Amino acid sequence: MKKVVVTGAELGDLVDERGILAGVAEVVPMHAHNEDQLDERVLADADALMIFQTMRISEKTLRRLPKCRLIVRCGVGFDNVDYALARTLNIDVANVPDYGTEEVADSAIGLMLSLTRGINLLNLRLRDAATPWVYTHPAPLHRLRGRQYSVVGLGCIGTSAAMRAKALGMDVAFYDPYKADGFDKALGIRRVESLAELFATSFVVSMHCPLTVETRGMINATTLAQFARGSYLVNTSRGAVVDTSAIPDALASRHLAGAAIDVLEKEPPDANDPLLKAWRDPSHAAYERLILTAHCAFYSEEGLADMHRKGAEACRRALTGQTPRNIVNAAV
Ligand code: NAI
């Protein structure tokens, strides 16, 4: 009997995995918080491996997987797996690209509305009994209809966010050099050829690209200076896409009117992280104008179930000789 090893910190009962893989493979749970806790003897027997968000798979683990033909990253971002090395070892790496598309897009739009409609600021400020009960605290707020909502990375989530922003009447533009011509027409949105051009005319910039060598640090002090004064930044992609140390100053000077950050380069962040310190400091603009969430844009109970189910289905396809889907290292 083949073996599918499912590893992570909180695995649940794996009932779906067992049902989907019945007759094909034994499901072997391996509780581990990080790569160092993976059991070498269990890995040696694995025909396929299912991993979740926080598990890094580097060379040392890849070289302990002599039988493994497939690693499924049960989620979208696969930057935690050395997928290029996996290719040279003849191991396919697949992701589960669609388990949380709508949730992340909903979260990105929710964060944008909390900032641009003053909801976060009012909710914080009105708690103090001495604060006047008036609408003017977040002034000036601006009508969203007609203002530019910019998507960086027009993939599944970026497209879903674009459609939602369109429904709000926003003027949706995108930057994605890898998207073929035609999507702009199909979706009724505008392509912008350069980031500098996109940033200069944006009211809201929403990040939806993967973390790659190209996108690491894409938003930093220099590129933030290219943003229109009084605009907003939302990042639900990957933490390292934004150099968050540049955000406190941009908020303090009001160059940025607000920012919402769901993902950080280090999760959880250190207590002395400049972004965290500014956000916790009642005398800093970030206290009211920055929203931080704990990499939870994807989360719904249904999405979690999809992650497990679709990960197991990918293993079943691979172990029964069907054409694999969502392989992310085919051409590396
Ligand atoms: P996707 O693969 O469908 O779309 C990514 C898009 O980014 C593609 O269209 C690609 O061409 C584009 N892209 C690549 N390099 C680019 C660059 N240099 N500049 C501009 N665009 C570029 O991925 P999907 O499903 O839309 O997810 C996007 C990202 O969201 C993921 O890579 C992941 O890191 C993040 N994510 C975050 C979650 C959260 O809970 N916060 C949950 C799920 C995904």
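Residues numbered from 1 in each chain as written. Predicted model: local features only at pLDDT ≥ 70, side-chain atom pairs only at ≥ 80, totals over all residues. Heavy atoms only, no water.

Asker: Provide a residue-level description of the overall build of the protein, including the pertinent values.
Answerer: A count of helical and extended segments in the protein gives 14 helices and 12 strands. The C-alpha atoms of the protein give a radius of gyration of 22 Å, which matches the 20 Å a tight globule of 332 residues would have. C-alpha extents for the protein along the principal axes are approximately 70 × 45 × 35 Å. Across the 332 residues in the protein, those meeting the buried criterion constitute 51%. Taking as baseline every contact in the protein between residues at least 6 positions apart, the subset at least 24 positions apart corresponds to 62%. Of the accessible surface of the protein, which amounts to about 15800 Å², a share of 53% is contributed by carbon and sulfur atoms. Here the protein contributes 37 positively and 40 negatively charged side chains, and the mean placements of these two sets differ by 3 Å. (Helix = DSSP H or I, 4+ residues; strand = E, 2+ residues; numbered from the N terminus. Rg over C-alpha atoms; globule rule 2.2 N^0.38 Å. Buried < 20%, exposed > 50% of the residue type's maximum accessible area, 1.4 Å probe, protein only. Contact = heavy atoms within 4.5 Å. Areas by Shrake-Rupley, 256 points an atom, 1.4 Å probe, with all protein chains shown as cover. Lys, Arg positive; Asp, Glu negative; His and termini not counted. Charge placed at Lys NZ, Arg CZ, Asp CG, Glu CD.)

Asker: So what's going on with helix α5 (residues 101-116)? Which residues, and what values?
Answerer: When the terminal C-alpha atoms of α5 are compared, their 23 Å separation across 16 residues agrees well with the 22 Å that a helix rising 1.5 Å per residue should span. Turning to α5, its buried residues number three or more, namely Thr101, Glu103, Val104, Ala105, Ala108, Ile109, Leu111, Met112, Ser114, Leu115 and Thr116. At the exit of α5 stands Gly118, carrying a positive phi of roughly 75°. (Expected span 1.5 Å × (residues − 1).)

Asker: An account of the pairing of strand β6 (residues 148-152) is needed here, citing residue identities and associated values.
Answerer: For β6, the buried fraction is high: 5 of the 5 residues fall into the buried class. Burial along β6 is two-sided: the residues Gln148, Ser150 and Val152 and Tyr149 and Val151 are all buried. Direction of pairing for β6 relative to strand β7 (residues 171-175): parallel, over a ladder of 5 bridges. Bridged to Ser150 within β7 is Ala173. For the handedness criterion, the β-α-β arrangement of β6, helix α7 (residues 156-167) and β7 is classed as right-handed. (Pairing = 2+ DSSP bridges. Right-handed = clockwise from strand over helix to strand, strands pointing away.)

Asker: Got a sec to walk through the sheet that holds strand β10 (residues 231-235)? Specific residues and values, please.
Answerer: Pairing is parallel in the open sheet, where 7 strands are placed in the order β8-β7-β6-β9-β10-β11-β12. Every interior strand has two partners, whereas the edge strands, β8 (190-191) and β12 (290-292), have only one. Here α5 sits on the sheet in contact with β6, β9 (204-207), β10, β11 (256-261) and β12, set at roughly 150° to β10. Against the sheet, α7 makes contact with β6 and β7, and its axis sits at roughly 175° relative to β6, the strand it touches most. (Axes fitted to C-alpha atoms, helices over the stretch in contact; angles between N-to-C directions.)

Asker: I'd like to hear about helix α14 (residues 301-319), residue by residue, with values.
Answerer: In a regular helix each residue adds 1.5 Å, so 19 residues correspond to 27 Å; α14 covers 27 Å between its end C-alpha atoms and thus fits that length. Those residues of α14 that fall on the buried side of the exposure criterion are Gly303, Met307, His308, Gly311, Ala312, Ala314, Cys315, Arg317 and Leu319. Each element contacted by the buried residues of α14 is listed here: β1 (2-8), α1 (15-20), β2 (25-31), β3 (48-51), β4 (70-73) and α5. Gly321 occupies a position one or two residues after α14 and carries a positive phi of about 75°.

Asker: Describe unusual backbone geometry, and please don't skip the residues or the numbers.
Answerer: For the peptide bond that leads from Ala139 to Pro140, omega is 0°, which places it in the cis range. The topology assignment puts Pro140 in the loop between α6 (119-125) and β6. The omega torsion of the bond from Glu267 to Pro268 falls at -5°, within 30 degrees of zero and hence cis. Residue placement: Pro268 occurs in the loop between β11 and α12 (274-280). If you check the backbone angles, Asn90 has positive phi at about 65° while not being a glycine. Turning to its location among the elements, Asn90 is positioned in the loop between α4 (83-88) and β5 (92-95). In this structure Asn90 comes out as partly exposed when scored by relative accessible area, which is 48%. We note that Asn326 has phi near 60°; this positive angle belongs to a residue other than glycine. Checked against the element boundaries, Asn326 lands in the segment after α14.

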